[in-house]
Amino acid sequence: MEPLKVIAADTARARQEAHLQRVSRYANPYLARRSAGQKHPVEDFLFTYYTQKPGQLKRWHPGAGAVLTGAQAAERLGWKHYRRLDDGELGSLGLPAGSTAATFDRDAFLADRSEAVAFAGIILRGTAARPAQFGCFGLHEWAMVYRQDKFDLRHEYLQLRLGAAGTDKVVEDNRIRCTHFDAFRFYTPDAIPLNEHSPSRETQRHLEQPGCLHANMDLYKWAYKLLPALSSELVMDCFELSWRIRAMDMQASPYDLAAWGYPAIPIETPGGKAEYVEHQRAFAAEAGILRGRLAAQLGAVAGGVDR
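A. Structural context of the overall build of the chain. Secondary structure summary: the chain contains 14 helices and 4 strands in total. Principal axes of the C-alpha set define a box for the chain whose edges measure 75 × 45 × 30 Å. In the chain, which comprises 307 residues, the proportion classed as buried is 50%. Mean positive and mean negative side-chain charge positions of the chain (38 and 36 charges, respectively) differ by 1 Å.

What follows is the structure, given as structure tokens:
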């Protein structure tokens, strides 16, 4: 468990303001589009696919072991998984008896979230321990629209860059080897048997690997699910990596997004495949560092929680 450390009020305010500005850069345009009834195929994703809402993301959390005082503390005592420091703890930190101070409530958090904590630890450690695979070329997105006319699927306002027949041919001419269940589950029925793996929720802990774009995007999911045990700065580090991965994932998709400012990575060509793998390797390296930070902070909070 992290030792308690008081965060000075001016430092806390500065960190909170910096966090709000960081989140607002992404969240405010999304909220404006939503109010106007508009959609963006790339930049809405982290707010619509994942369950963390913009208002929740804007809340700043200092993380386990941090102690806030005064108004910052009073506000958080109304939030879930925070607790008031007792007089003994106040005294050990040099704070006056009876003063308002708040910190992360580890016991309440683990009582509510022990299964989520254990599963996140399994995924983070297991993924990090496996060799990265770099031969998928983003074909999961293509498999999601394979023979879409047959199944009367329509992807709203997006056009296929190569048309339906050209898209189907790319799927048929390549090996499909997705290891990520939450991508695989959106395949069209005819694409499912073409995948070399059969990912499921039950096999997720055994299949996820650090080259996978979606596994690396999901670092954001594991981070926000563990709030307020983690700092919001770490959550936003994961968010911003996921944002950039999503952009590249859609550039390599079958959709024509040039008009949206996202030129294609043509993975149907040798050059496009090489460009995809170059980005994929760079993202895997960044994600490896964040995965290590998440696992370390999670381990400090979880103690003996495991499955």
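B. Fine view of the sheet that holds strand β1 (residues 5-6). The 4 strands are arranged β1-β2-β4-β3 in an open sheet whose pairing can be described as mixed. In this open sheet, the two strands that pair with only one neighbour each are β1 and β3 (82-84). Examined bridge by bridge, strand β2 (residues 66-69) and strand β4 (residues 101-104) share 3 bridges and lie antiparallel to one another. Bridging across to β4, V67 finds its partner in T103.

C. Structural view of the pairing of β4. Pairing geometry for β3 and β4, over 3 bridges, is antiparallel. Within β4, the position partnered with R84 by the bridge is A102.

D. Quick peek at the pairing of β2. In terms of strand pairing, β1 meets β2 through 2 bridges, oriented parallel. Looking at the pairing, V6 lines up with V67 of β2.

E. Expanded view of the side chain of D44. Mapped onto the fold, D44 is located in the loop between α1 (9-36) and α2 (45-48). On the accessibility criterion, D44 (8% relative accessible area) is buried. Leaving out residues up to four positions away in the same chain, D44 has contacts with Y30, R33, Q38 and K39.

Definitions and cut-offs
- Residues numbered from 1 in each chain as written.
- Predicted model: local features only at pLDDT ≥ 70, side-chain atom pairs only at ≥ 80, totals over all residues.
- Heavy atoms only, no water.
- Helix = DSSP H or I, 4+ residues; strand = E, 2+ residues; numbered from the N terminus.
- Buried < 20%, exposed > 50% of the residue type's maximum accessible area, 1.4 Å probe, protein only.
- Lys, Arg positive; Asp, Glu negative; His and termini not counted.
- Charge placed at Lys NZ, Arg CZ, Asp CG, Glu CD.
- Pairing = 2+ DSSP bridges.
- Contact = heavy atoms within 4.5 Å.

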